[in-house]
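Examining the three-dimensional arrangement
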Amino acid sequence: MHLYVHVPFCARRCSYCDFAIAVRREVPSAAFREGILQEWSRWLVDDRLAGFPALSTIYFGGGTPSRLQSSELSRLIEGLVTARPIVAGAEVTLEANPEDVTPESAAGWRLAGVNRVSLGVQSFEPGVLAWMHRTHTADQVGPAVAMLRDAGITNLSLDLIYGLPRHLARDWPRDLDQALALQPAHLSLYALTVEPWTPLARWIDRGATIAASDETEASEFLVAHDRLTDAGYRHYEVSNYGRPGAEAVHNRAYWFRRPYLGLGPSAHSAMGSRRWWNVRDWEAWRQAIATGQSSVAGEEQLDGDTRALEDLYLGLRTDQGVPAASVPAAIQTAWVRQGWAEVRTERLVLLPEGWLRLDALVAQASAA
Ligand code: SF4
């Protein structure tokens, strides 16, 4: 079983972000650790966990998990793995913002058991970072990478965002080159999406910003594919690239339907055909935990059709594809002819041009 812990605290809200966060100047690290361990202790006596004697990975996502005090993170990990051991050498990931990395914090994370850090870089251009309301500067990224490596955390992933509005005049190839110069084991590249109720959505509504065109987004996706695969990275999922052997183990659990449990506000869980999600708001979640109420806000049981649709979508996101027999032969032939897919040892795998059309292709295949 894989474990996800949602740490909701951020210093401020980024202009594009609609995640479940709590903006806090002072992070209530001890209260958070207590709440998570309380929630964990309830799950430990739940039948759904009976078949899982050990944890395969732990992932601290957010929010900004690097804002937790290292000492509290250490207590938290210790509490989690004391109750249910983690397999030797398992991946333990912490999402971090560059400004939170210091020699002390990096050493503390390593000591706590973190062996992989996903660094929220997004861009190396000062103007872009300011527009995004990021709290770090471009020149903090290189030193953060060096400090993490010095502390013994060498499995590093960098996050970048592409498809930015044209008026920012962002030099995407240059950002890719700067990321590559740091030689990370892994990169995650996400297209900017305009979510309702974000500052970005408001800027677009009032005409202060114009979202990037589909053509810009597609061209940047393909530029990244070429540059990163030329540099030796495997484009193993629509948004993810890894050096051989550095593919994200935890994230693969989502795409390959492994069981995972989420702790903390807004965290999602899935086991077999059941999935559920926690209350989104930090204070509401904390109150539920403190008063012995359930922290679960909703759940669903997937029926066969929904599961089949998701299998198609999840499979086609990765370079493992789906069993070729799950897509009608005429559709396969059309996709292959267009250069969107290929058949490899009886599996249908999308190519980058196919990933650009992922939603439409899944809809086409599932409607057939
Ligand atoms: S740091 Fe991450 S989670 Fe926090 S506001 Fe920015 S994008 Fe959202």
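Note: the structure precedes this text.
Let me begin by describing the structure that accompanies this report. The structure presented is a predicted model; accordingly, all values stated were derived computationally and were not measured.

With that settled, the discussion passes to the overall build of the protein. Regarding its fold elements, the protein presents 14 helices and 17 strands. In terms of its C-alpha atoms, the protein occupies a principal-axis envelope of roughly 55 × 50 × 45 Å. Taking all 368 residues of the protein together, the buried fraction comes to 50%. Accessible surface for the protein amounts to roughly 16400 Å². Of this, 51% is attributable to carbon and sulfur atoms. Averaging the coordinates of the 35 positive side-chain charges in the protein and doing the same for the 43 negative ones gives two points 2 Å apart.

The subject of this paragraph is the nonpolar core. Counting residues in each nonpolar core, the largest one holds 76 residues, and the members touching the most others are Phe60 and Trp335. The residues touching Phe60, leaving out its near neighbours within four places in the chain, are Val5, Val7, Pro65, Leu73, Leu76, Ile77, Leu80, Val92, Thr93, Leu94 and Glu95. Trp131, Ile161, Leu168 and Leu200 belong to the second-largest nonpolar core, a separate cluster that totals 12 residues.

In the region of the ligand, the neighbouring residues are Cys10, Arg12, Arg13, Cys14, Tyr16, Cys17, Phe19, Ile21, Gly63, Thr64, Asn97 and Arg134. Its residues placed into classes, the shell around the ligand shows 6 nonpolar, 3 polar and 3 charged.

This part takes up the packing of aromatic side chains. In total, this model carries 12 aromatic pairs according to the counting rule given. Taking the centre distance of 6.2 Å and the plane angle of 45 degrees together, the rings of Phe32 and Trp282 count as tilted. Of this pair, Phe32 sits in helix H1 (residues 29-44) while Trp282 is found in helix H10 (residues 282-290), placing the two residues 250 residues apart along the sequence. Residue Phe32 is classed as buried on the basis of its relative accessible area, which comes to 0%. A centroid spacing of 5.8 Å and a plane angle of 25 degrees characterise the contact between Trp282 and Trp285, whose relative ring orientation is stacked. With Trp282 and Trp285 both in helix H10 and 3 residues apart, this pair spans about one turn of that helix. Across the pair, exposure class does not vary: Trp282 and Trp285 are buried alike. Among the aromatic residues, those joined into a cluster by ring pairs are Phe9, Phe32, Trp282 and Trp285. Positioned above the aromatic ring of Trp276, the side-chain terminus of Arg48 is 4.5 Å from the ring centre. A cation sits over an aromatic face here: Arg243 above Tyr233, 4.2 Å from the ring centre.

The next subject is helix H8 (residues 214-230). Taking 1.5 Å per residue as the helical rise, H8 with its 17 residues ought to reach 24 Å, and the 24 Å between its terminal C-alpha atoms agrees with that figure. If you check which residues of H8 are buried, you get Ala218, Glu220, Phe221, Ala224, His225 and Leu228. Projection of H8 onto a plane perpendicular to its axis shows the buried side chains occupying an angular sector of 165 degrees, all on one side. Projecting away from the buried face of H8 at angles above 90 degrees are the exposed residues Glu215 and Asp230. Lining the buried residues of H8 we find strand S7 (155-162), helix H6 (172-181), strand S8 (186-191), strand S9 (234-237), strand S10 (240-242) and helix H13 (352-355). Looking at the residues trailing H8, positive phi occurs at Gly232, about 100 degrees.

Secondary-structure assignment places Arg33 in helix H1. The exposure class assigned to Arg33 is buried, which follows from its relative accessible area of 17%.

This brings us to helix H2 (residues 70-83). Residues that lie three or four places apart on an α-helix share one face, since the helix turns once every 3.6 residues. Over its 14 residues, H2 runs 20 Å from end to end, which matches the ideal 20 Å to within 8%, given 1.5 Å per residue. Among the residues making up H2, those that are buried are Glu72, Leu73, Leu76, Ile77 and Leu80. Projection of H2 onto a plane perpendicular to its axis shows the buried side chains occupying an angular sector of 135 degrees, all on one side. Within H2, the exposed residues directed more than 90 degrees away from the buried face are Glu78 and Thr82. In this fold, the buried residues of H2 make contact with strand S1 (2-7), H1, strand S4 (55-62), strand S5 (86-96), helix H3 (103-112) and strand S11 (260-263).

Bringing the pattern of salt bridges into the picture now. Enumeration according to the criterion identifies 16 salt bridges in this entry. Its salt-bridge partner being Arg48, residue Asp46 comes within 3.3 Å of it at the nearest N-O pair. Across the pair Glu237 and Arg317 runs a salt bridge, and its minimum N-O distance is 2.7 Å. Here Glu237 is found in strand S9, whereas its partner Arg317 is found in helix H11 (residues 304-317), with 80 residues between them in sequence. Each member of the salt-bridge network shares a partner with another, and the members are Arg257, Arg275, Glu300, Glu310 and Asp311.

With that settled, consider the packing of H6 against H8. Contact geometry of H6 with H8 gives a least axis separation of 10 Å together with a crossing angle of 30 degrees. Taken together, the axes of H6 and H8 lie roughly parallel to each other. Note that H6 runs across H8; the crossing there is right-handed. Contact residues: H6 offers Trp172, Pro173, Leu176, Asp177 and Leu180, while H8 offers Glu220, Val223, Ala224, Arg227 and Leu228. Looking at side-chain class alone, the contact of H6 with H8 contains 7 nonpolar, no polar and 3 charged residues.

What counts and what doesn't
Starting afresh in each chain, residues are numbered from 1 along the sequence in its written order. Local features in this predicted model are restricted to residues whose pLDDT is 70 or higher, and side-chain atom pairs enter the listing and the counts only when it is 80 or higher, whereas totals over whole chains, interfaces and linings include all residues. With hydrogens and water stripped out, all remaining heavy atoms of the structure feed into the side-chain values. Secondary structure elements follow DSSP: runs of H or I of four or more residues count as helices, runs of E of two or more count as strands, with numbering from the N terminus. Classification of residues uses two cut-offs on accessible area relative to the type maximum, computed with a 1.4 Å probe and protein chains only: under 20% is buried, over 50% is exposed, and between them is partly exposed. For the accessible areas, the method is Shrake-Rupley and the probe is 1.4 Å, while residue cover comes only from the protein chains on display. Here Asp and Glu are counted as negative and Lys and Arg as positive; His is not counted, and neither are the chain ends. In this description, the location of a charge corresponds to atom NZ of lysine, CZ of arginine, CG of aspartate or CD of glutamate. In plain words, nonpolar cores are sets of buried Ala, Val, Leu, Ile, Met, Phe, Trp, Tyr and Cys residues tied together by side-chain atoms within 4.5 Å. The contact criterion used throughout is that any non-hydrogen atoms of two residues lie within 4.5 Å. One heavy atom within 4 Å of a molecule or strand makes the whole residue count as near it. When residues are sorted by character, Ala, Val, Leu, Ile, Met, Phe, Trp, Tyr, Cys and Pro go into the nonpolar class, Asp, Glu, Lys and Arg into the charged class, and all the rest, Gly among them, into the polar class. Note on aromatic pairs: the rings of Phe, Tyr and Trp (six-membered ring only in Trp) are paired at centre separations within 6.5 Å, and the planes decide the class, stacked below 30 degrees, edge-to-face beyond 60, tilted for the rest. By definition, being over a ring means that NZ of Lys or CZ of Arg is both within 6 Å of the ring centre and within 35 degrees of the ring normal. To estimate the expected span of a helix, subtract one from its residue number and multiply by 1.5 Å. The directions considered for the arc are those from the helix axis to the C-beta atoms. For this document, the term salt bridge refers to a Lys or Arg side-chain nitrogen within 4 Å of an Asp or Glu carboxyl oxygen. Here an axis means a line fitted to C-alpha atoms, over the contact stretch when the element is a helix, while the angle between two N-to-C directions is reported on a 0 to 180 degree scale. Roughly parallel here means an angle under 35 degrees, roughly antiparallel means over 145, roughly perpendicular means 65 to 115, and every remaining angle is called oblique. Take the far helix as your reference; a near helix turned counterclockwise from it by less than a right angle gives a left-handed crossing, and one turned clockwise gives a right-handed crossing.

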